[in-house]
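# Coordinate inspection notes
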Amino acid sequence: MKYKSVFDIIGPIMVGPSSSHTAGAARIGRVARKLFGKEPKRAKITFYGSFAKTYQGHGSDVATVAGILDFDTSDLRLKNSLLIAEKAGMEVDLTTSEVLTEHPNTARIKLSDDQESIEVVGVSIGGGKIEVLEINGFTLQLGFDSPTMLVLHEDRFGMIAAVAKILTQHKINVGLMEVSRHDRGARALMAIETDAPVSAEVLEEIRQIPYVFDVSLLSLN
């Protein structure tokens, strides 16, 4: 992850006290919420490393729940997010783990309701910036600073070319592409950062490609 300006290092407009432990935690929670697509009934949050040791003093717990409620880092409701979640009927299970992780500010978030669930692993790398390292077991490295399209598809020949062809037809430039799969020939997740938002029309064209299961677009900006 590269910082584009000094403001990325200082951090975003936020409810404090820490860009790494508060704003970053909120953004990880918000990515999980946007990927889930709705307010969950249950949220299981596990903190590792520095998050696990300081989450209460630095507000990582309330920040993560605020993100799950789809609050931005500057939303003054952040400090009351646990109470707001309780009033909304959301079950919050917050735990810590002593398992060593590659990054000290790591959070694993599982959101669910009676129909579906999603599990996200994210790290806060400083200045409010984050990287998402895992989505439902797919290993990636995404910051979601640019519009990011996620394409869930069958792992087979020609899938990347088929998606790229549609983007080319609509003159959409790709900044970064990653593909992760569980096993050869099983399901795979294609993540594509674009220089401009992708319209609903383009998303639907990609959704109609054979062996594509789902398409979504996410940006935190």
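Looking at an unreviewed UniProt entry, one finds the protein named L-serine deaminase, with Brevibacillus nitrificans as its source organism. UniProt annotates the protein under Pathway (unreviewed entry) with the comment "Carbohydrate biosynthesis; gluconeogenesis."

A cluster of nonpolar residues, Ile160, Val174, Met177 and Val179, forms a patch on the protein surface that exposes about 280 Å² of accessible area. Top element by residues in the nonpolar patch is strand E8 (residues 174-181). It accounts for three residues. You can see isoleucine 160 is positioned in helix H6 (residues 159-169). Residue classification places isoleucine 160 among the partly exposed positions, given a relative accessible area of 40%.

Taken across its seven residues, strand E1 (residues 42-48) has five buried, putting it largely inside the fold. Sheet analysis places E1 next to strand E2 (residues 91-97), joined by seven bridges and oriented parallel. Paired with lysine 44 across the bridge in E2 is aspartate 93. Note: E1 against strand E3 (residues 105-112), seven bridges, orientation antiparallel. The partner of isoleucine 45 across the bridge, within E3, is isoleucine 109.

The next thing to look at is the nonpolar core. Judged by nonpolar contacts, the single largest core of 40 residues is most densely connected at Leu35, Leu111, Ile135 and Phe144. A total of seven residues in this core trace back to one element, the largest contributor, which is helix H2 (residues 19-36). In terms of nonpolar packing, the next biggest core, distinct from the first, is built from 16 residues, Met149, Ile166, Met190 and Ile209 among them.

The rules we used
- Residue numbers run consecutively from 1 along every chain, following the written order of its sequence.
- Totals for whole chains, interfaces and linings use every residue, but because this is a predicted model, local features are given only for residues with pLDDT of at least 70 and side-chain atom pairs only at 80 or more, for both listing and counting.
- Here the side-chain values reflect all heavy atoms present in the structure, with hydrogen atoms and water set aside.
- UniProt positions are given in the numbering used here, feature names are shortened, and annotations may be inferred rather than shown by experiment.
- Each patch groups residues whose relative accessible area exceeds 30% and which form no salt bridge, using 9 Å between like charges and 5 Å between nonpolar side chains of Val, Leu, Ile, Met, Phe, Trp and Tyr.
- Throughout, the Shrake-Rupley method with a 1.4 Å probe supplies accessible areas, and for residues the shown protein chains are the sole cover considered.
- In the sections that follow, a salt bridge refers to a side-chain nitrogen of Lys or Arg positioned within 4 Å of a carboxyl oxygen of Asp or Glu.
- The way it works is that DSSP assigns letters per residue, a run of H or I at least four long becomes a helix, a run of E at least two long becomes a strand, and they are numbered from the N terminus.
- A 1.4 Å probe rolled over the protein chains alone gives each residue an accessible area, and that area as a share of the maximum for its type sets the label: buried under 20%, exposed over 50%, partly exposed in between.
- Each pair of strands is called paired provided DSSP finds at least two bridges between the two strands.
- Residues belong to one nonpolar core when they are buried, are Ala, Val, Leu, Ile, Met, Phe, Trp, Tyr or Cys, and are joined through side-chain atoms within 4.5 Å.

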